[in-house]
Amino acid sequence: MLEDPLRYDAPVDPAAIVIFGATGDLTRRKLLPALFRLAYERRLPAGFAVVGVSRTAMSDDAFRERMRDAVAQFLEDTPFDEELWAGFARGLFYLSGDVQDKNLYSRLKQKLEEVDRERQTAGNALFYLSTQPSHYAPAAAGLGGAGLQQGAGWRRLIVEKPFGHDGPSAAALNRGLREVFNEDQIYRIDHYLGKETVQNILAFRFGNGIFEPLWNRRYVSHVQITAAESIGVEGRGAYYQEAGALRDMIQNHLLQVMATMAMEPPAAYEPDAVRDERAKLLRAIRVWTPAEAAENAVAGQYGPARIGGADVPGFREEPGVDPEAQTGTYAAITLEVDNWRWAGVPFYIRSGKRLPKRVTDVAIQFNRAPLAMFEAGAGRMQETYPNLLVLRIQPEEGISLRFFSKQPGSGMRLRPVTMDFNYGASFGARSPSAYETLLLDALKGDATLYTRQDMVEASWAVVAPVLEHWSSVKHDFPNYAAGTWGPEASGRLLARRGHEWRMP
Ligand code: BG6
């Protein structure tokens, strides 16, 4: 009998996780805190180790010290337990070396053998590429050169984003990885798929009988997907200048969210059944012609502003950024899906840095009632406040439905009200971070929440005409002030189809 059927999980094999880029930001901020949190929840296997790999010369102990500081700083909602840390830290090891250097991999092989003996990791290894992207292919080749892609146990490879900077480079990267690893060994991470609220979209749609019948072109007017961030580029100016908002957020995270929201029901909740449906949806998104791309996308870049009494620099003033940079820190795009469910329903997607607040949500706006039979002016009211279902991804995780209700008093006066589900209030428990979920899944060999090459390529195809158009024009940047909702032109994108951005 299961103690708590909601917490049932497949057992996790013993394993070593090898992190390339062990002194980087992601390791410090996300990976180690996630692993420590899993240790806190007793969800890691007894035979567990982490081998950090990076160029900086450092002993195992120095690495442990460094990771201790990181975990203490970035662990959220969990007390830092010294005793637990001491046990966890014994499983941390370090190897210094250059990813481009072939010798690194024979040394890694030896280190893994030592670690395996000491920690009993059963020969299983999960390689995590969290380096700069140009090192992904050399690292895979190095691992292959030393025969590390196979061993006494299973071998898996996690690849961080960005997965290429366009379709051809993504395909080339994939060829490099596939020379060494089989597709079923490769886990392409998109941390948005690991978010509880994104997973819950599937629970909401396919675990209930009442929403799916409405989930189509007959009832849905349009969909808005927003990922707003109030932060700027946070010291990542050089990376971001090359990427921009469309590549950084939309090509990967938001298209995956859209696919989750719009895909057909899978035959089973199994990795390939789910991924097949996501991939099909992505392939059904219409690829704009260059002229259509110009009409259906808007780029923005923030300029300086004074926010809350403090001066906030414009993007072009950020460290590492070219003062004439043509990079968009805001992108909005209209997409259409050419399938029977969604034909004619626009999907509006926007994302930006330095917007007024941090909020990510999916808003499904329904067609209004065919008649406005109540008080005078009800028609206008229904147009202004149509039925709206909002899937709140973050930060206030939940779901709300807006509908009309009779105002108390005589007469039939209507007012929009909302019915609200809030994760915190309903479950009273902390949600695991995306990285906790995804790391555990990779250890279990469950790729459901990882992307596949066909999905990556379909997503690049969707954004390619827009990227191409943007690189061929000179933008009049900056075109929005830090702390505002993006450039004015983004409103016109929706106005063309008679719609309006909602205020999240
Ligand atoms: C990353 C982007 O993939 O996602 C960042 O590179 C962005 O620019 C981040 O800030 C947003 O993730 P989250 O989980 O904070 O919404």
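Here, the structure is the one placed above.
Visitor: Explanation requested: the overall build of the protein in the structure shown.
Guide: When helices and strands are counted, the protein shows 15 helices and 18 strands. Relative to the 2.2 N^0.38 estimate, which gives 23 Å for 504 residues, the radius of gyration of the protein is 24 Å and therefore close to what a compact globule would have. Across its three principal directions, the C-alpha atoms of the protein cover 80 × 60 × 50 Å. Relative to all contacts within the protein whose residues are 6 or more apart in sequence, the contacts with residues 24 or more apart total 77%. Total accessible area on the protein is roughly 22,500 Å²; 51% of this is exposed by carbon and sulfur atoms. Counting 58 positive and 62 negative side-chain charges, the protein places the centres of these two groups 3 Å from one another.

Visitor: Is there a simple way to explain the site of the ligand in this structure?
Guide: Every residue lining the ligand is accounted for by K161, H191, Y192, K195, E229, R236, D248, M249, H253, K353, R358 and Q394. Within the side chain of Y192, one N or O atom sits 2.4 Å away from an oxygen atom of the ligand. Against a free-state accessible area of 390 Å², the protein chains account for coverage of 83% of the ligand. Per element, the largest residue contribution to the shell around the ligand is three residues, and it comes from helix α8 (residues 237–262).

Visitor: Hey, could you run me through unusual backbone geometry in this one?
Guide: Backbone geometry follows two general trends: most residues other than glycine have a negative phi, and most peptide bonds adopt the trans configuration. The linkage connecting K161 with the following residue, P162, adopts the cis geometry, with an omega of 0°. Looking at the secondary structure, you find P162 in the loop between β5 (155–159) and α6 (167–178). Along the chain, Q394 connects to P395 via a cis peptide bond; the corresponding omega equals 0°. By secondary structure assignment, the location of P395 is in the loop between β15 (388–394) and β16 (398–406). Here the phi dihedral of Q120 falls at roughly 55°; this positive angle occurs in a residue that is not glycine. Mapped onto the fold, Q120 is located in the loop between α4 (103–119) and β4 (125–129).

Visitor: Please clarify how helix α13 (residues 434–444) should be interpreted in this entry.
Guide: Since one α-helical turn is 3.6 residues long, residues separated by three or four positions face the same way. Burial runs high along α13: 10 of the 11 residues are buried. Those residues of α13 that sit buried are A434, Y435, E436, T437, L438, L439, L440, D441, A442 and L443.

Visitor: It is not clear to me how the packing of helix α1 (residues 25–40) against helix α3 (residues 82–89) should be interpreted in this structure. Could you clarify?
Guide: A pair of packed helices can be characterised by two numbers: the angle between their axes and the separation between those axes. Running from amino to carboxyl end, α1 crosses α3 at an angle of 110°, the nearest separation of the two axes being 10 Å. One way to sum up the angle between α1 and α3 is to call them roughly perpendicular. For α1 against α3, the interelement crossing comes out right-handed. Residue-level contacts link L32, L35, F36, A39 and Y40 of α1 to L84, W85 and F88 of α3.

Visitor: How should the side chain of E436 be read in this particular structure?
Guide: Within the secondary structure layout, E436 lies in helix α13. In this structure the side chain of E436 is engaged in a polar contact, spanning 2.6 Å, whose partner is the side chain of R430. Not counting chain neighbours up to four residues away, the residues in contact with E436 comprise A34, R37, L38 and R430.

Rules of the game
Residues numbered from 1 in each chain as written. Predicted model: local features only at pLDDT ≥ 70, side-chain atom pairs only at ≥ 80, totals over all residues. Heavy atoms only, no water. Helix = DSSP H or I, 4+ residues; strand = E, 2+ residues; numbered from the N terminus. Rg over C-alpha atoms; globule rule 2.2 N^0.38 Å. Contact = heavy atoms within 4.5 Å. Areas by Shrake-Rupley, 256 points an atom, 1.4 Å probe, with all protein chains shown as cover. Lys, Arg positive; Asp, Glu negative; His and termini not counted. Charge placed at Lys NZ, Arg CZ, Asp CG, Glu CD. Near = heavy atom within 4 Å. Polar contact = N/O pair within 3.5 Å; in protein donor to acceptor, adjacent residues only side chain to side chain. Buried < 20%, exposed > 50% of the residue type's maximum accessible area, 1.4 Å probe, protein only. Axes fitted to C-alpha atoms, helices over the stretch in contact; angles between N-to-C directions. Parallel < 35°, antiparallel > 145°, perpendicular 65-115°, else oblique. Left-handed = near helix turned anticlockwise from the far one by under 90°.

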